[in-house]
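Structural overview for review
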Amino acid sequence: LPLNGRNYQSLSALMPGVLNTSQGTAQGQGGFGTGNTMSINGMGLSGTLYELDGVWNMNTGNMTQTTILPNPDSIQEVRTLQNNISPKYTLLGASVVLVQTRSGSRDFHGAAWEYFRNTDLNSRNFFSPTVLPYHQNIFGGTIGGPLMIPKLYNRDRNKTFFFISEQGVKQSEGSTQTGITPTADQRNGIFNNPIKDPLTAVNGDLSTASYFPKNSAGQYVIPANRLNSNSLTLLNATANLPNYSSGANNYINTNPQVINQLDSQVKVDHNFNDKVHLMGEYFDLRQ
């Protein structure tokens, strides 16, 4: 199934009693910043326990983020337990999401992929005069099979198995953020609206203060010697001049949000016998 953002939580809408709170939005691929989106049986985002291969997989600070978000091609099964669950899962709330990753098998299997999107495939944001720049490449591959030494170890390919998964993300997404920034006149102490002089207030009561004098254009002017040069330098260095006009908002920021991410997984399974099974895995998430 297609997943917007290649995040398995998009599948939540397929299950009864589960709501995807980010429908119509591309979800993140993990990394340092993740966000749970499943609302199960009306519970909040923090009311569900997430486990990955039997291990607690939640941020213990806000309880709304998963620590590791495996890519869909490395996932074997996702289960959502909602009612009459085993007592071993009752660590948090009344619902549990269990994610099981894939393992190698007797035969070698592999896959490779790339999911591509760019500006030419997008439409214009309502608040932007042009189509915002967008470049997304999600690529990677998996390989798994028996871990063996020919004629020496695991000759029947039933003892030890490996599975390796790699996914990279390169994304540059233009954003549209509008706000308010001081105009050039305001940076020079010139205002169209009345501005009171606090130095003329009686006993600190600003309601008794008089207004700054007007110039020939009827604008209120703060004398240049009353402007702090250090504050003006900081303001000019950190706040751009207006470039947009829409009601109170006079600035639009379309700088892209850039993501460079690499997620790796290595998993080894070993069967001692029919009843004893050992599994070890390593995740490396870089952003």
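Please read all numbers here as calculations on a predicted model, not as lab measurements.

**Thoughts on the packing of aromatic side chains**
Taken as a whole and judged by the stated rule, the model has two aromatic pairs. When the ring of Phe-108 is compared with that of Phe-162, the centres are 6.3 Å apart and the planes differ by 55°; the resulting orientation is tilted. Highlighted residues: Phe-108 in the loop between strand S6 (95-101) and strand S7 (109-118) and Phe-162 in strand S9 (residues 160-174), separated in sequence by 54 residues. Judged by relative accessible area, Phe-162 falls into the buried class, the value being 15%. With 5.9 Å between their ring centres and 55° between their planes, Tyr-211 and Tyr-220 make a pair best called tilted.

**A few points about the sheet that holds S7**
Overall, antiparallel pairing links the five strands, which are arranged S7-S8-S9-S14-S15 in an open sheet. In this open sheet, the two edge strands, each paired with only one partner strand, are S7 and strand S15 (277-286). Pairs of neighbouring strands in the sheet enclose a mean axial angle of 5°, with direction left out of account. Looking at chain direction, strand S8 (residues 134-146) and S9 are connected through 13 bridges and run antiparallel. Of the residues in S9, the one forming a bridge with Ile-143 is Ile-164.

**Re the side chain of Thr-48**
Residue placement: Thr-48 occurs in strand S3 (residues 48-52). For Thr-48, the side chain forms a polar contact with the side chain of Ser-95, separated by 3.0 Å. What Thr-48 contacts, discounting residues up to four positions off in sequence, is Ile-40, Met-58, Leu-92, Ser-95, Val-96 and Val-97.

**Quick notes on the pairing of S3**
With five of its five residues buried, S3 lies for the most part within the structure. The alternating pattern of S3 places Thr-48, Tyr-50 and Leu-52 on one face and Leu-49 and Glu-51 on the opposite face, and all of these are buried. Relative to S6, S3 runs parallel, the two sharing five bridges. Pairing of Leu-49 across the sheet is with Val-96, part of S6.

**Re the nonpolar core**
By size, the foremost hydrophobic cluster in this structure holds 21 residues, and its most contacted members are Tyr-8, Met-38, Val-96 and Val-97. Elements supplying a minimum of two residues to this core: strand S2 (38-40), S3, strand S5 (75-81) and S6. Counting residues per element, this core draws most heavily on S6, which supplies four residues. Contacts of Tyr-8, omitting those with residues within four sequence positions, involve Leu-3, Met-38, Tyr-50, Leu-69, Pro-70, Ile-75, Val-78, Val-97 and Val-99.

**A look at helix H2 (residues 229-238)**
For H2, a buried count of zero out of ten residues is recorded, marking the element as mostly open to its surroundings. Among the residues of H2, the N-terminal cap falls to Asn-228, whose side-chain oxygen and the backbone nitrogen of Asn-230 are separated by 2.9 Å.

**Re a nonpolar patch on the surface**
On the surface, a cluster of nonpolar side chains totalling about 480 Å² of accessible area is made up of Ile-143, Leu-147, Ile-164, Val-266, Val-268 and Tyr-282. Mapped onto the fold, Leu-147 is located in the loop between S8 and S9.

Conventions we followed
Residues numbered from 1 in each chain as written. Predicted model: local features only at pLDDT ≥ 70, side-chain atom pairs only at ≥ 80, totals over all residues. Heavy atoms only, no water. Phe/Tyr/Trp six-rings, centres within 6.5 Å; stacked < 30°, edge-to-face > 60°. Helix = DSSP H or I, 4+ residues; strand = E, 2+ residues; numbered from the N terminus. Buried < 20%, exposed > 50% of the residue type's maximum accessible area, 1.4 Å probe, protein only. Pairing = 2+ DSSP bridges. Axes fitted to C-alpha atoms, helices over the stretch in contact; angles between N-to-C directions. Polar contact = N/O pair within 3.5 Å; in protein donor to acceptor, adjacent residues only side chain to side chain. Contact = heavy atoms within 4.5 Å. Core = buried A, V, L, I, M, F, W, Y, C linked by side-chain atoms within 4.5 Å. Patch = residues over 30% accessible without salt bridge, like charges linked within 9 Å, V, L, I, M, F, W, Y side chains within 5 Å. Areas by Shrake-Rupley, 256 points an atom, 1.4 Å probe, with all protein chains shown as cover. Salt bridge = Lys/Arg side-chain N within 4 Å of Asp/Glu carboxyl O.

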